[in-house]
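Observations on chain architecture
Single-letter residue listing:
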Amino acid sequence: MSDTTDTASEPTADMDTVPGHEPEAPSVADARREAHDIWVSGTEERFPFSTATNEGAQEMLPEADDPGAAMQAGIAVDDDYTSEPTVEPEERQIINMGPQHPSTHGVLRLHLEIEGETIRRVKPIIGYLHTGMEKTAETLTYAQGATNVTRMDYLAPFHNELAFSLTVEQLLGLEVPERASAIRVLMTELNRVSSHLLWAATQGMDIGALSMMIYGWRERETCLDFFEKTTGLRMNHNYIRVGGVAADLPDGWEDDVASLIATITVGIDEYEELLNDNPIFIDRTMGVGVMTPEECKQYGVTGPMARASGLNWDLRKTNPYCGIEQYEFDVPTGLHGDVFDRYIVRMEEMRQSLRIVQQVMDTMPSGDYRSEDRKVTPPPRKRIDESMEALIHHFKLFTEGFRVPEGAAYQSVEGPRGELGCYLVSKGGARPWRMHWRAPSFAAVQALPVMMTDSLLADVVASLASADPVLGDVDR
Amino acid sequence: MASEHVSESTTDDALVASVLKDADGATVVEQQYASSQTRYHRVAVPVDGYVAAVSAAKDAGFDMFVDLYAVDHFAQAPRFEVGVNLVSMSANHRIIISTRVPYDDPTVPTVTGLFIGANFYEREAYDLFGIDFPGHPDLTRILLPDEWDGYPLRKDASVGAIPVQFKEGSVDL
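How each quantity is defined
- Residues numbered from 1 in each chain as written.
- Chains lettered and ligands numbered in written order.
- Predicted model: local features only at pLDDT ≥ 70, side-chain atom pairs only at ≥ 80, totals over all residues.
- Heavy atoms only, no water.
- Helix = DSSP H or I, 4+ residues; strand = E, 2+ residues; numbered from the N terminus.
- Buried < 20%, exposed > 50% of the residue type's maximum accessible area, 1.4 Å probe, protein only.
- Contact = heavy atoms within 4.5 Å.
- Areas by Shrake-Rupley, 256 points an atom, 1.4 Å probe, with all protein chains shown as cover.
- Pairing = 2+ DSSP bridges.
- pLDDT = per-residue confidence, 0-100.
- Axes fitted to C-alpha atoms, helices over the stretch in contact; angles between N-to-C directions.
- Salt bridge = Lys/Arg side-chain N within 4 Å of Asp/Glu carboxyl O.
- Parallel < 35°, antiparallel > 145°, perpendicular 65-115°, else oblique.
- Left-handed = near helix turned anticlockwise from the far one by under 90°.
- Nonpolar A, V, L, I, M, F, W, Y, C, P; charged D, E, K, R; others polar.

A count of helical and extended segments in chain B gives three helices and six strands. The linear arrangement of helices and strands in chain B, starting from the amino end, is α-β-β-α-β-β-β-α-β. The proportion of buried residues among the 173 residues of chain B is 52%. By sequence separation, contacts in chain B at least 24 residues apart represent 52% of the contacts at least 6 residues apart. A total accessible area of about 7,400 Å² is found for chain B, and carbon and sulfur atoms account for 53% of it.

This is the structure we're talking about:
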């Protein structure tokens, strides 16, 4: 080590003798060689490959004539299983897709039983994102509840908040001011647009239209900018609360919304120009992932998917909430119930939502943005300094919360993915006794075998994207 | 409660009455949605008449399955409640048919024979509440791991951190 030139030219020669450098290199190499021997060359028979694993509850059901297997084959309601089997059932292959597959839009796992390139049976496996939000809700007051529920369907946070708030208001028998209702309609319809834009982006991406992905994200950002300006956050807003909304619209919101409408209207025209006559897009979507109206009813599939199958059912029309009946809009429906019709329906829904937004903007009533019932909404900051009563109300509201009369209530709104319903049970306390969510994506995931079976493996992503499942909504 | 009210007989009431004509001991609560003129019915039936009531509702035009939920009433006997939420598109009406079962026998007959869409929802109720649905084709845990101990949405299950039990695929050697 005394000769410095030798050390510089051959730095590794004496490294083994330096303390702290010697032991690991040979042992790592040995371990790799050993692993190679065991797993690749098969020279050592210590751990032979095994094909038999136990998947437990996630295993496919044994194929028989039982309804569970029929459901996995997607033939439980309408048997449109046209192609004849060519191999024995035990020769079919199980392909596992997800939960980390990029096209599953989250952590959905699909067991696909395939025969060559044809899907025979599908078993959706969920629960990877289960965070117990329904249990958490039982520990939060009604005032805190919106913070929790907004995180379920993270692409439609306003709809979650709205369904929750309306359900509590139903139990309270509380009327909200006109302006609050109009703001709620404005925000939820913009949210529908932003959610559908994200859907268009991912649907395009999944079947190879990568430009659509960039365009969809770009236009969605204009919506999120407005949400951020209004609520302070891009997602998980906690803006629609029991009794109204958290804050009034920001100054100059009309200009923002007007430019947003202009941008997105032009955008939708561009997307349709890009995709409507695109032969690849048409081949990938037409006749793929078909659902019949009867299947939609049986599986509880609602929203754009049911409308694409021809069911004229929109809760904004059949069970209007927040005064949405005073605005003019149309409900687009499809004929074939395939991926292409879902695309057409969602594109038109965006236009109709922007139409509603325009009308809300033109007719925005003045007045309070939340109920003046001080048992439910906090008093303005100024009043707390002036009034003892306001101080007490404020204190009670943020410590104990408000009590809700005993009872149970169900209320649903038309979310971007379908009927988003909240079922609340109150025992008279300040916290819900039970909060159950009717999640549209949950029903859509359940219906995936109907869409996927009897189609090609490559069409799985097209069908899955057209169902637009949000796994936060599925697993809650 | 402002949302509940006694009202004059309407076609909806007649429709609900036709659903329940064979159900003994049914109680009906009529409610109105918030910020809306529309009403819906919540119907409680004994567990013996539950499937018959759902079947009658399906025949009466409530042919869209929307939801199935479970509630743990804990101190009140019978302890568990299971309800099915159905919609009639033709009559534009919603009916929620629920039934109560006791803690020592949490067994509700399945409605998957009537609505295949109840599959996942009944699995969820089984997973989180431990309610048994005899006749269900694939009654397994859906949201929690198979090895999970207990039923977390029951009121006697504590809130708090439980170490997540990840599944180990058992390899046959």
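Next comes the rest of the write-up.
With that settled, the discussion passes to the overall build of chain A. A tally of helices and strands in chain A yields 20 helices and nine strands. When each of the 476 residues of chain A is scored for burial, the buried share is 56%. The long-range fraction of contacts in chain A, counting pairs at least 24 apart against all pairs at least 6 apart in sequence, stands at 70%. For chain A, the computed accessible surface area is about 19,600 Å², with 54% contributed by carbon and sulfur atoms.

The next subject is the pairing of strand E8 (residues 418–426) of chain A. All names here are of chain A. Among the nine residues that make up E8, nine are buried, leaving the element largely enclosed by the rest of the structure. When strand E7 (residues 407–415) meets E8, the two strands line up antiparallel, connected through nine bridges. When the bridges of E8 are listed, serine 412 appears paired with glycine 421. Connecting E7 to the antiparallel partner E8 that follows it, the hairpin turn spans two residues. Where E8 lies against strand E9 (residues 434–438), five bridges are found, and the strand directions are antiparallel. Each residue of the ladder has a partner; that of valine 425, found in E9, is arginine 434.

When pLDDT is averaged along chain B, the result is 81; 86% of the residues meet or exceed 70. Confidence metrics for the complex model read pTM 0.83 and ipTM 0.84.

As a further point, take the sheet that holds E9 of chain A. All names here are of chain A. Spatially, E7-E8-E9 is the arrangement adopted by the three strands of the open sheet, whose pairing is antiparallel. Strand pairing shows two members of the sheet lacking a second neighbour, E7 and E9, which therefore form its edges. Across the sheet, the axes of successive neighbouring strands diverge by a mean angle of 15°, strand direction being ignored.

Within the structure shown, the criterion is met by 35 salt bridges over all chains. Ionic pairing is found between lysine 155 of chain B and glutamate 138 of chain A, a salt bridge with its closest N-O pair at 3.2 Å. Of this pair, lysine 155 of chain B sits in the loop between helix H3 (118–129) and strand E6 (170–171) while glutamate 138 of chain A sits in the loop between helix H4 (133–137) and helix H5 (142–149), each in a different chain. Its relative accessible area of 24% is what places lysine 155 of chain B among the partly exposed residues.

Residue and element names in this part refer to chain A. Between H5 and helix H6 (residues 157–172), whose axes approach to 8 Å, the crossing angle comes to 155°. Classified by the angle between their axes, H5 and H6 sit roughly antiparallel to one another. Crossing of H5 against H6: the hand is right-handed. Facing H5, whose interface residues are Tyr142, Gly145, Ala146 and Val149, H6 presents Asn160, Glu161, Phe164 and Val168. Here the residues of the contact of H5 with H6 sort into five nonpolar, two polar and one charged.

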